[in-house]
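Here is what each chain is made of, one letter per residue.
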Amino acid sequence: MLAACPPLVYGTAWKEGATSSLVLQALAAGFRGIDTAAQRKHYREHAVGEALLAAERARLVRRDEVWVQTKYTPIAGQDRSQPLPYSPEAPVREQVRASALASLRALHHGSRWDFSGMGAAAPAPQAPSAVDGDKATASADEPLTRPWLDALLLHSPLGSLEDTLEVWDEMQRLRDEGWVRNVGFSNIYDARIWDALLSIQGSERRPALLQNRWHASTGHDVSLLASLSPVLSPNSGGAAVTYQPFWILSGNGGLLSAPAVRSAAERLEWTPQMVVLRFVAQGMGVGGLSTSVLCGTTNEEHMRQTVAAVLGSEELEDGEMDAIRHVVYGE
Ligand SMILES: NC(=O)c1ccc[n+]([C@@H]2O[C@H](COP(=O)([O-])OP(=O)(O)OC[C@H]3O[C@@H](n4cnc5c(N)ncnc54)[C@H](OP(=O)(O)O)[C@@H]3O)[C@@H](O)[C@H]2O)c1
């Protein structure tokens, strides 16, 4: 299993019927992280599970070589006309547990998984699947493996801090029980909420991840970044929180045409998009910041370019990082 979030994660939102084949393509291109959510409105979690099984069977990549992260989406973010992973009437604590268990089911197809410890709360699979019935990879003496989620994120804060903290506590319990290996947040832009959440945790209970929209309207999270870095945050206890931005390309059109990006692209013979992705991968010039690039391209050539930019050995020079940082943060 991967000990930490990889530097590059494939985003599966809005892929609908193409989810499974695009996840397979991304794995073949070199992605080793997958982002999904128990939210039918935007994601097909079950299809991600099918792709993971197909990748394993094709000997492309083993399940434990891929970081798979999903989310508990509060009811305000769900489409109630579609199947929900929990009962909306249930207390939030029960909702998050039911959602996590639905995700475990959706993301572990095939016959080698042992769900027996999940108890009565274990939900049925989200949708029937042809691959579930296929026992080709299981042998009679193959040991059953307990399923896990590499990370479970809270998709967005709930209506009250009290409910948010209760969900957070239940997520930690799931981690303590071993179903979830890391916990994190998404869509927290207010440094005061972030600090409040961290202040009730001991350093061992810190979130592993913050997944946020990277955009000028939130100052590109300038007020939060220092508290994610173990170097810049005095209260971190030395633990890093990986910053995982989305909207890197779609929300930053102006940056793509900035001279600082254009000249780096020219030197490296890269596209401007590759330069911006590399800027994020290199920590955006924030000391000690650990980042993970979230990219959901549907284009094979773009997949290759993203992998080359984020995971390749070519780097932006210090002067290029400073110049791009100046465009984004004005400093
Ligand atoms: N937590 C949340 O609330 C939340 C919200 C939104 C998204 N997400 C996650 O973030 C993931 C990414 O979403 P995103 O909104 O950032 O957009 P994206 O799906 O990564 O793509 C945005 C645009 O960039 C293009 N693109 C991507 N890589 C490129 C490359 N290397 N070169 C040129 N163009 C490229 C894509 O076009 P092509 O397809 O043509 O390449 C697309 O038009 C989602 O799939 C989801 O997992 C999370």
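Residues numbered from 1 in each chain as written. Predicted model: local features only at pLDDT ≥ 70, side-chain atom pairs only at ≥ 80, totals over all residues. Heavy atoms only, no water.

**Q** Break down the overall build of the protein for me, with residues and values.
**A** From N to C terminus, the protein includes 11 helices and 8 strands. Partitioning the intrachain contacts of the protein with sequence separation of at least 6 by distance along the chain shows that 76% fall at a separation of at least 24. Surface exposure of the protein reaches about 14000 Å², of which carbon and sulfur atoms provide 51%. (Helix = DSSP H or I, 4+ residues; strand = E, 2+ residues; numbered from the N terminus. Contact = heavy atoms within 4.5 Å. Areas by Shrake-Rupley, 256 points an atom, 1.4 Å probe, with all protein chains shown as cover.)

**Q** Give me the lowdown on empty space enclosed by the protein, citing residues and values where you can.
**A** Unfilled space is identified by rolling a water-sized probe across the atoms. Tallying each qualifying case throughout the model produces 1 cavity of 30 Å³ or more. Counted as a void, the largest cavity has a volume near 60 Å³. What lines the largest cavity is simply Gly-49, Leu-52, Leu-53, Glu-56, Arg-63, Leu-107, His-108, His-109 and Trp-113. Among the elements that take part in the lining of the largest cavity, helix H2 (residues 45–57) stands out by supplying 4 residues, more than any other. Split by residue class, the lining of the largest cavity holds 4 nonpolar, 3 polar and 2 charged. (1 Å grid on protein atoms, 1.4 Å probe; cavity = no way out; pocket = protein on both sides within 12 Å on 5 of 7 lines; lining within 4 Å. Points joined across faces, edges and corners; volume = space filled by probe spheres on them. Nonpolar A, V, L, I, M, F, W, Y, C, P; charged D, E, K, R; others polar.)

**Q** Outline the side chain of Asn-182, supporting the account with residue identities and numerical values.
**A** Its place among the elements puts Asn-182 in the loop between helix H4 (161–177) and strand E5 (183–186). Among the polar contacts made by the side chain of Asn-182, one reaches the main-chain carbonyl oxygen of Asp-150 at a distance of 2.9 Å. For Asn-182, the residues in contact, after removing those within four places along its chain, are Trp-67, Leu-149, Asp-150, Ala-151, Leu-152, Arg-175 and Ala-208. (Polar contact = N/O pair within 3.5 Å; in protein donor to acceptor, adjacent residues only side chain to side chain.)

**Q** Break down the site of the ligand for me, with residues and values.
**A** Contacts to the ligand come from 25 residues, most closely from Asp-35, Trp-247, Thr-297, Thr-298 and His-302. Taking Trp-247, its main chain carries an N or O atom lying 2.6 Å from an oxygen atom of the ligand. With respect to the ligand, the side chain of His-302 contributes an N or O atom lying 2.6 Å from an oxygen atom. Structurally, the ligand is housed in the largest pocket. Going through the elements one at a time, helix H9 (272–281), strand E8 (293–295) and helix H10 (300–311) are the ones with two or more residues in the shell around the ligand. In terms of residue class, the shell around the ligand is built from 9 nonpolar, 14 polar and 2 charged. (Near = heavy atom within 4 Å. Sits in = over half its atoms within 2 Å of the grid points.)

Function-wise, these values are silent; they only describe arrangement.
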